Amino acid sequence: MQTDRQIPMRLLVAVLLFPWLTACALNPATGKRDFVLMSETQEIGLGKQYHPQIIEQYGVYEDPALQAYVSRVGEALAGKSHRDDLIFRFTVLDSPMVNAFALPGGYIYITRGIMAYLNSEAELAGVLGHEIGHVTARHGVRQHASATVAGIFSTILAVETGSQTIGDLSQILGGALLSGYGRAHELEADSLGAEYLARIGYDADNMIEVIEVLKNQEEFSKQRAKDQGEEAQTYHGVFATHPRNDERLQEVIAAAEKYQADAPAGSNRLEYLKAIEGMIFGDSPEQGIVRNGSFYHSELGIALAVPENWRIDNQPAQLIMTSPDKNAFMQLTVNDLDKRETPEQYLTRILSHPQSQQARTLEINGLPAYTLVAEVNTNIGRRPGRFTVIFKDDRAYLFTGLARDNGDLSRVDEIFLATATSFHTLTDKERKLAKPYRIQLYTVKPGDTYASLAKKTPFPNYREERLRLMNDQYPDGEPEPGTIIKLVQ
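Given the structure is predicted, the values throughout are model-derived calculations rather than measurements. (Residues numbered from 1 in each chain as written. Predicted model: local features only at pLDDT ≥ 70, side-chain atom pairs only at ≥ 80, totals over all residues. Heavy atoms only, no water.)

J.: Go over the overall build of the chain with me, naming the residues and quoting the values.
T.: What the chain contains, in helices and strands, is 16 helices and 19 strands. The buried share among the 489 residues of the chain stands at 49%. Of all intrachain contacts in the chain linking residues separated by at least 6 positions in sequence, the fraction that spans at least 24 positions is 66%. For the chain, the exposed surface amounts to about 23,600 Å²; the carbon and sulfur share of it is 50%. (Helix = DSSP H or I, 4+ residues; strand = E, 2+ residues; numbered from the N terminus. Buried < 20%, exposed > 50% of the residue type's maximum accessible area, 1.4 Å probe, protein only. Contact = heavy atoms within 4.5 Å. Areas by Shrake-Rupley, 256 points an atom, 1.4 Å probe, with all protein chains shown as cover.)

J.: Residues and numbers for the sheet that holds strand E3 (residues 89–93), please.
T.: The three strands lie next to each other as E3-E5-E4, forming an open sheet whose pairing is mixed. Among the strands making up the open sheet, the edge pair consists of E3 and strand E4 (100–103). With strand direction ignored, the average angle separating the axes of adjacent strands in the sheet is 20 degrees. In the packing of helix H2 (residues 40–58) onto the sheet, contacts are made with E3, E4 and strand E5 (107–111), and the angle to E5 comes to roughly 20 degrees. Packed on one face of the sheet, helix H5 (residues 121–136) meets E3, E4 and E5 and runs near 145 degrees to E5. (Pairing = 2+ DSSP bridges. Axes fitted to C-alpha atoms, helices over the stretch in contact; angles between N-to-C directions.)

J.: I'd like a rundown of the environment of glycine 447, residues and numbers included.
T.: Checked against the element boundaries, glycine 447 lands in the loop between strand E18 (437–443) and helix H15 (450–454). Note: C-alpha distance between glycine 447 and glutamate 480 (33 residues apart in sequence) is 9.2 Å.

J.: Now, about the pairing of strand E8 (residues 294–297): what can you tell me, with residues and values included?
T.: Along E8, one buried face is formed by Ser294 and Tyr296 and the opposite face, lined by Phe295 and His297, is buried too. Across three bridges, the pairing between strand E7 (residues 289–291) and E8 is antiparallel. When the bridges of E8 are listed, isoleucine 289 appears paired with tyrosine 296. Here E7 hands over to E8 after two residues, with asparagine 292 in that stretch at a positive phi of 55 degrees. Once E8 ends, the chain turns through four residues before running back antiparallel as strand E9 (residues 302–305), passing glycine 301 with a positive phi of about 70 degrees.

J.: Tell me about the sheet that holds strand E16 (residues 395–403), and name the residues and values.
T.: Taken together, the seven strands give an open sheet; going across it, the order is E10-E11-E12-E16-E15-E14-E13, and neighbouring strands pair in antiparallel fashion. Edge positions in the sheet fall to strand E10 (311–314) and strand E13 (356–364), since each of these pairs with one other strand and no more. On average, each strand axis in the sheet is inclined to that of its neighbour by 20 degrees, with strand direction left out of account. By the bridge criterion, nine bridges tie strand E12 (residues 328–336) to E16 in an arrangement that is antiparallel. Counted as the bridge partner of alanine 328 is alanine 403 from E16. Contacts from helix H12 (residues 343–350) reach E12, E13, strand E14 (367–378), strand E15 (381–392) and E16 within the one sheet, and its direction differs from that of E14 by about 15 degrees. Seen against the sheet, helix H13 (residues 409–421) touches strand E11 (319–322), E12, E13, E14, E15 and E16 and runs at an angle of roughly 15 degrees to E15.

J.: Which residues make up the packing of helix H9 (residues 206–228) against helix H10 (residues 247–256), and what values do they have?
T.: Contact pair H9 / H10: the axes reach a minimum separation of 9 Å and the direction vectors enclose 145 degrees. Where H9 abuts H10, its residues Met207, Ile208 and Ile211 lie against Leu249, Gln250 and Ile253. Its residues assigned to classes, the contact of H9 with H10 comprises five nonpolar, one polar and no charged. (Nonpolar A, V, L, I, M, F, W, Y, C, P; charged D, E, K, R; others polar.)

Rendered as structure tokens:
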């Protein structure tokens, strides 16, 4: 409703922003005043709020000795940080992704995926120190502050246009966790991480070493993604050039050398390698294992064939399959059955009694099932989808197949049905295939090369490249006799 006494827009902006514009706090790491919107207590509460979601998404790697080792290294760094009074919590995640990240309030995460490519305790400390730097410099909190202001302006815009577009905190933080906080903040985290390394006795230059490992991993990931038509997964990929050629990075690392506590210690390479010996590489049994065109889950006792050449994203709560052209998707989720109902009643209930087509009762490899085609709302509009539910051991296994374009469902519906109908109880022979790969230590013998050692690995492709990456000798290094390296068996 229009009136003659509307508040001018610029005055409204000033009124809404005044409390936040005065919310500047002294940054404990830099000594400068930062624009933030929460106290330290609120910051810790934010991390505590999101921590269970991280655990649910990735899962904790169940190895108490390895968890304790990582915590010991992390706590030594945190004890020399600019927020030594903050309680830091370190968690190794059960994920093959090459990643590490931090939540506000001192929650630090590192995946076993990235640990497989590190080769010393000093490199581990470099990764943890970098993430501690994000916390001590309050990068997550500052990201939250910027997002909140953007939300305020979106709210103001909504007053004028009727459009509501307020940012979601979890999406904003999630983007930063996976892709980094931008060049300036990543360099600041590297600088702080190098300082903390030096303060506990490691050479600050180890920060360069770990960034080189991650840069090599990034280059390999990009090449493999290009070959396979996928998107590359990288860890905080902000360096366009090799780290040794990045002048600004060299400057911030060199500046940390003045904090060297004693003569630089060794890298503790052997101690680190022993700590990760036996660690799972790739998929874990808890999440199911994709191997040779099939998905095996020993704990659930199930198996199925995955579509040929489709990308498989194996997550703790779901299995996502994507067609090579990215125009079709299939998802498998599992839920406990808490009602006495048939597969038809179950599917009809969760889809809210849809207008369905091609609905029929099935028996899939001795298991009761039901399938139908129905239109559902998606983030790209209403689309027809193929839904198939299978009951096994008081659990409902739901296959959802969707095509990006309306007319494409018929093109891929046969694949959706074939995948669902391949579902079966895991056989004894398949149970042996469901065992995970693990990292093993190996003493190099005269005449060994990565080409010869690659024959002993179970990698389906890029065998030599993967071994060189894992042992910090990418792209063309060779192992020296008598040294200990990592293999996967």
